Amino acid sequence: MKIGYSTKIVADSILSRAVRRAVSALERDIRNTCLRSCGGFLDIVLKKEECIQKECFVIKALEHNKLGIYASDDLGLIYGIYHISKTFLSVGEFWFWNEQVFKKKRGYQVQDDYTYESKPYKVRFRGWFINDEVLLSEWKPVVDGSAKEDFPWEMAFEALLRCGGNMTIPGTDFNAARFRDLAGEYGLYITHHHAEPLGAEMFSRVYPKLEASFDKYPDLFIGLWEKAIAKQKKYHVIWNLGFRGQGDRPFWADDPSYDTKAKRGQLISKLIRKQYEMVRSYDAGAVCCTNLYGEIMELYKDGYIDLPDDVIRIWADNGYGKMVSRRQNNHNPRVMALPGMGDMGAHGIYYHASFYDLQAAAMMTMLPNSPEFVEDELCEVLKRGGDDFWIINCSNVKPHTYYLDLIAAFWRDGISGDQNDKKYTISNHLSAYVDRYYDSALNKMVEKAYSLWPYYSVKYGPNEDDHAGEQYANHCARILADSFIRQYHVSEDDANLQDVKECDVKECDDRDRDVKDCDDNECDAKKCDTKDHHKINPSLELKWACDRHSLKDQVYYFKEKYEDAVEGYKEYLGFCMSVEDKLKAAGDKKAAIVFDDNLICQVQYLYYSYLGALHICSSIEAVLEGTGDERFIKAFYEAGLSSNAFKNGYDTMRSHEHGIWKGFYANDCESDIRQSYYVAQSLMSYLRVLGDGPHFYKWQRKYQQDAGGDKVLLILRLKSHITDDKMWELIDDQASSLF
């Protein structure tokens, strides 16, 4: 028997919309993988069989050239359909997101006696939280000639089902409500963001003029919950219970009268029970859960939270894959976020394949910790009974497909406790993953490139999970630049800078008068005070990374980290580019494109981010360590190198958009390498003001041909003012002899 272009998919009963979507996907897969030909191919028959366990399926060859899929429910049929697509047509779970290339054949062989019986999944409820979905939200892929805004979510839900998922938080904030219908059409359970209990609207959004206090407005809060429950009655829902503030923060940030742990825990417990009763009045068998996240976990562990016995407790990793409490600003207690051994309650996890914290996490690139590390953590979760609920933060899907695929293998099959078996599992998984999406005789080299990913991740702290993503370069460098610009003052010792004599310094020496009162703008620009510019205060935002006594010391710390990162990612990028060249030389040009778009793209983002961050540090260092006018020229030049690096990173990222992917990276607005470029440009302008202002003629005369030179000054200007970028180019032409 063979599956071919004319294979039909039929059913012995009316199919639900969710199953029909899966059927349409399989029909598309057949068109994508089969050459046009007529007759002689098997038909696929879908049959309901009540004796089969829910979400399981049986596939077996039948008489009369038919292949049957048997299941008792929609998800069982859907999983069976996607099993055929993967097993016989070699369509991967992430075929769309990984840009899988198909080689069409006339037909695909199915053994005449083929039989397959699926096993229950290790984890009961399993799915993705489409969170921080800034790329998906603004991407408007062109499908069949027109832009289709829902298409990214359709492809995400399809990939999730192919991975064996059955649950989703379909977006953040407005997107969560917007895409509930679509998620329901795919047959997925709906659950909710930990900051949006029951999926209800935020109180302050509905009642912006009222104080967000349950004590003052209990009926209004309960009304929002009732409305949310009524709106979601048509879905399969796992109801998330809880009470937090107006946004992703503690409720007592909005109601400070709750100033003790006992008060806070008492109110949260009371309201969770109220929500529980409301949901159960609608559906006596409703499944409920609550997130032990952030401040809630601390209260729960301290015994201040009382929950109904059958509510699933959801424990969260710290955003880097470690099952401990997350770092919040500079506070990092690292409290273990797992149930105690022997706890017989229902438990699950909220786990991050992607994370956004404005510190060191990875959202535009893969998790910086190793797959072996992830496996160890998830193994411990399962040992402690955390197999009722796994919600995985997948953000924009595409950058995270490898780790999402790996985690799906764990929620499907569980994890062996034997260390040798675990190493075997990781190695085998990577081999299968690469073989599925690259189809090249050089796949071992591609596999090697993927395996090196965690090896080059930047180590920023003492803990095993303290490895950094792209945010460590972009956010931290921007904070350093911001702190420098906000605090730097030219000292009185630098009065030899240009034209200070034009200002009556004596007038500014009046101790009874604030220098800011000086009417002379030039005097104010020079900050005629005695502040030591070497003693700039450290940025408190960076205390979590390095607790230092001055900004200069923080710059030194980060510069060392960035230097190591640049050296490492340059080496890693070189290796990856050599693999791509070998793929092209072997005639595997399509595999080379896939490799470029899926892995090289991420390495480039990291390389250029860290290169730009390194030059930010060098720029600030040039000012704080140097003397005289020359230090501003050197700092300006380094800021320009930073600007170029970030701009090259942004342009290189966008160069990976082609075909349907046009515009995919346009809204990189959280890690935001383009904003790093803007900040570097601002730093250039600030440094030019310090070194070349207020008249902006000295540097131009010094470096521009026929601009008058800097030795003899008879006329101030011979040429019109030039931009910072043009000035940088003039200095760059002479950089080898200057620096």
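For the structure itself, look to the data block above.
Residues numbered from 1 in each chain as written. Predicted model: local features only at pLDDT ≥ 70, side-chain atom pairs only at ≥ 80, totals over all residues. Heavy atoms only, no water.

Along the chain, the regular secondary structure elements total 24 helices and 19 strands. Here the C-alpha radius of gyration of the chain, 30 Å, is about what a compact globule of 739 residues would show, namely 27 Å. Overall size of the chain, expressed as C-alpha extent along the three principal axes, is 100 × 70 × 50 Å. When the 739 residues of the chain are sorted by exposure, 59% land in the buried category. Of the accessible surface of the chain, which amounts to about 31200 Å², a share of 48% is contributed by carbon and sulfur atoms. Side-chain charges in the chain split into 94 positive and 115 negative, and the spacing between the mean points of these groups amounts to 4 Å. (Helix = DSSP H or I, 4+ residues; strand = E, 2+ residues; numbered from the N terminus. Rg over C-alpha atoms; globule rule 2.2 N^0.38 Å. Buried < 20%, exposed > 50% of the residue type's maximum accessible area, 1.4 Å probe, protein only. Areas by Shrake-Rupley, 256 points an atom, 1.4 Å probe, with all protein chains shown as cover. Lys, Arg positive; Asp, Glu negative; His and termini not counted. Charge placed at Lys NZ, Arg CZ, Asp CG, Glu CD.)

Residue placement: Asp651 occurs in helix 20 (residues 630-655). The class for Asp651 is partly exposed, based on a relative accessible area of 35%. C-alpha separation for the pair Asp651 and Gly40, spaced 611 residues apart in sequence, amounts to 50 Å.

This structure, assessed with the given rule, holds zero disulfides. No disulfide involves Cys34; its sulfur sits 13 Å from the nearest other cysteine sulfur, which is in Cys38. (Disulfide = S-S within 2.5 Å.)

Here we have five strands laid out as an open sheet, ordered 2-3-5-4-7, and mixed in their pairing. Each having just a single partner strand, strand 2 (9-11) and strand 7 (115-117) make up the two edges of the open sheet. Within the sheet, the average angular offset between the axes of one strand and its neighbour, ignoring direction, is 20°. The pairing of strand 2 with strand 3 (residues 43-48) spans three bridges and is parallel. (Pairing = 2+ DSSP bridges. Axes fitted to C-alpha atoms, helices over the stretch in contact; angles between N-to-C directions.)

What follows is about helix 12 (residues 401-413). Residues spaced three or four apart along an α-helix point in a common direction, a consequence of the helix completing one turn every 3.6 residues. Its 13 residues place the ends of helix 12 18 Å apart at the C-alpha level, agreeing with the 18 Å of an ideal helix rising 1.5 Å per residue. Of all 13 residues making up helix 12, 11 are buried, and the element is well covered by its neighbours. Among all positions of helix 12, only Thr401, Tyr402, Tyr403, Leu404, Asp405, Leu406, Ile407, Ala408, Ala409, Phe410 and Trp411 are buried. Where helix 12 terminates, the next one or two residues include Gly414, which has phi positive at roughly 80°. (Expected span 1.5 Å × (residues − 1).)

Now for a negative patch on the surface. A cluster of acidic residues, Glu560, Glu563, Asp564, Glu567 and Glu571, forms a negative patch at the surface. Along the chain, the position of Glu571 falls in helix 18 (residues 551-585). (Patch = residues over 30% accessible without salt bridge, like charges linked within 9 Å, V, L, I, M, F, W, Y side chains within 5 Å. Salt bridge = Lys/Arg side-chain N within 4 Å of Asp/Glu carboxyl O.)

Turning our eyes to something else, we now look at the sheet that holds strand 13 (residues 238-241). Here we have eight strands laid out as an open sheet, ordered 12-11-8-17-16-15-14-13, and parallel in their pairing. Two strands lie at the open edges of the sheet, namely strand 12 (189-190) and strand 13, each paired on one side alone. Bridging between strand 16 (residues 347-352) and strand 17 (residues 389-393) involves five bridges; their strand directions are parallel. Bridging across to strand 17, Ile349 finds its partner in Trp390. Of the strands in this sheet, strand 16 and strand 17 are in contact with helix 11 (residues 371-383), which crosses strand 16 at around 165°. (Contact = heavy atoms within 4.5 Å.)

Counted according to the given criterion, the structure contains 63 aromatic pairs. Feature note: the residues Phe203, Tyr207, Phe214, Tyr217, Phe221, Trp225, Phe243, Phe251, Trp252 and Tyr258 constitute an aromatic cluster, connected by ring pairs. For the cation-ring pair, Arg264 lies above Trp252, with the distance from its terminal atom to the ring centre recorded as 4.1 Å. (Phe/Tyr/Trp six-rings, centres within 6.5 Å; stacked < 30°, edge-to-face > 60°. Lys NZ or Arg CZ within 6 Å of the ring centre and 35° of its normal.)

Relative to the helices and strands, Ser137 is located in helix 3 (residues 134-138). Looking at Ser137, the relative accessible area reads 27%, which means it is partly exposed. Separated by 15 residues in sequence, Ser137 and Pro152 place their C-alpha atoms 8.4 Å apart. Filtering out sequence-adjacent residues up to four positions away, Ser137 remains in contact with Trp153 and Asn175.

This paragraph deals with the side chain of Asp672. Mapping Asp672 onto the fold places it in the loop between helix 20 and helix 21 (673-692). Put simply, Asp672 is tucked away with no salt bridge, and the nearest opposite charge, on Arg674, sits 4.5 Å away. Beyond its immediate chain neighbours, meaning those up to four positions away, Asp672 contacts Asn474, Arg478 and Tyr605.

Burial of strand 14 (residues 287-292) is extensive: six of the six residues sit out of reach of the surface. Burial along strand 14 is two-sided: Val287, Cys289 and Asn291 and Cys288, Thr290 and Leu292, pointing in opposite directions, are all buried. As defined by bridge partners, strand 13 adjoins strand 14 across four bridges and the pair is classed as parallel. Pairing of Ile238 across the sheet is with Val287, part of strand 14. For the handedness criterion, the β-α-β arrangement of strand 13, helix 9 (residues 261-282) and strand 14 is classed as right-handed. Here four bridges tie strand 14 to strand 15 (residues 312-316), and the two strands are oriented parallel to one another. Looking at the pairing, Asn291 lines up with Ile314 of strand 15. Taken together, strand 14, helix 10 (residues 295-301) and strand 15 constitute a β-α-β crossover, and its handedness is right-handed. (Right-handed = clockwise from strand over helix to strand, strands pointing away.)

So, about unusual backbone geometry. Omega for the peptide link from Gly693 to Pro694 comes to 5°, which places this bond in the cis form. At Ser90, a position not held by glycine, the phi torsion is positive, near 60°. If you trace the backbone, Ser90 turns up in the loop between helix 2 (74-89) and strand 6 (107-109). The phi angle at Leu358 is positive, at roughly 60°, despite the residue not being glycine. Mapped onto the fold, Leu358 is located in the loop between strand 16 and helix 11.

Moving on, we come to the pairing of strand 3. Chirality of the crossover, the property in question, places the unit of strand 2, helix 1 (residues 17-33) and strand 3 among those that are left-handed. With six bridges joining them, strand 3 and strand 5 (residues 66-71) adopt parallel strand pairing. Across the sheet, residue Ile44 finds its bridge partner in strand 5, namely Leu67.

Here we come to the nonpolar core. Trp97, Trp390, Tyr472, Phe484, Phe558 and Tyr610 are the most contacted members of the largest nonpolar core, which has 243 residues in total. Top element by residues in this core is helix 19 (residues 589-625). It accounts for 22 residues. (Core = buried A, V, L, I, M, F, W, Y, C linked by side-chain atoms within 4.5 Å.)

This brings us to the pattern of salt bridges. For the structure on display, the rule yields 45 salt bridges. The shortest N-O distance in the salt bridge between Glu185 and Arg17 comes to 3.4 Å. Of this pair, Glu185 sits in helix 6 (residues 180-185) while Arg17 sits in helix 1, and the two are 168 residues apart along the sequence. Judged by relative accessible area, Glu185 falls into the buried class, the value being 19%. You can call Arg17 partly exposed: its relative accessible area is 48%. Several salt bridges converge on common partners, so that one network encompasses Arg28, Asp29, Glu158 and Arg162.

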